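Structural features, examined
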Amino acid sequence: MITAIVLISADVHHIPETAQAVAEIPGVTEVYSCAGDVDLIAKLRVRDHEQIAEVVTNQINRISGVTHTATHIAFRSYASADTEATFSLGE
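Residues numbered from 1 in each chain as written. Predicted model: local features only at pLDDT ≥ 70, side-chain atom pairs only at ≥ 80, totals over all residues. Heavy atoms only, no water.

A word on the pairing of strand β2 (residues 28-33)
Where β2 meets strand β3 (residues 40-46), five bridges bridge the pair, whose relative direction is antiparallel. Counted as the bridge partner of Val31 is Ala42 from β3. Between β2 and the antiparallel strand that follows it, β3, lie six residues; Gly36 among them carries a positive phi value of about 125°. (Pairing = 2+ DSSP bridges. Helix = DSSP H or I, 4+ residues; strand = E, 2+ residues; numbered from the N terminus.)

In structure tokens, the structure reads:
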């Protein structure tokens, strides 16, 4: 599986509706409303790069209220338990 993070700028008057529409797309596992440079952050889990293109280009970008997206593909995942295990090797 490939994980991608999509930063979404949205029309401020329609953020909740836009977030819900993004969340309903197959392949989108989480959507966060946040403060900062972007309005929403969506996490995608898909089988291949073609699905990322399909989800972002043909679905997220076509949602009313979405004004801009930037997609980042994850190479590796780290969790606090993973990090602790890495630094405690040999103890």
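Now that the structure is up, let's keep going.
Observations regarding the sheet that holds β2
The strand order β2-β3-β1-β4 describes an open sheet built from four strands, whose pairing is antiparallel. Edge positions in the sheet fall to β2 and β4 (66-73), since each has one partner strand and no second. Neighbour-to-neighbour, the strand axes of this sheet turn through a mean angle of 20°, independent of strand direction. Lying over the sheet, helix α1 (residues 15-23) contacts β1 (2-10), β2, β3 and β4, oriented at roughly 165° with respect to β2. (Axes fitted to C-alpha atoms, helices over the stretch in contact; angles between N-to-C directions. Contact = heavy atoms within 4.5 Å.)

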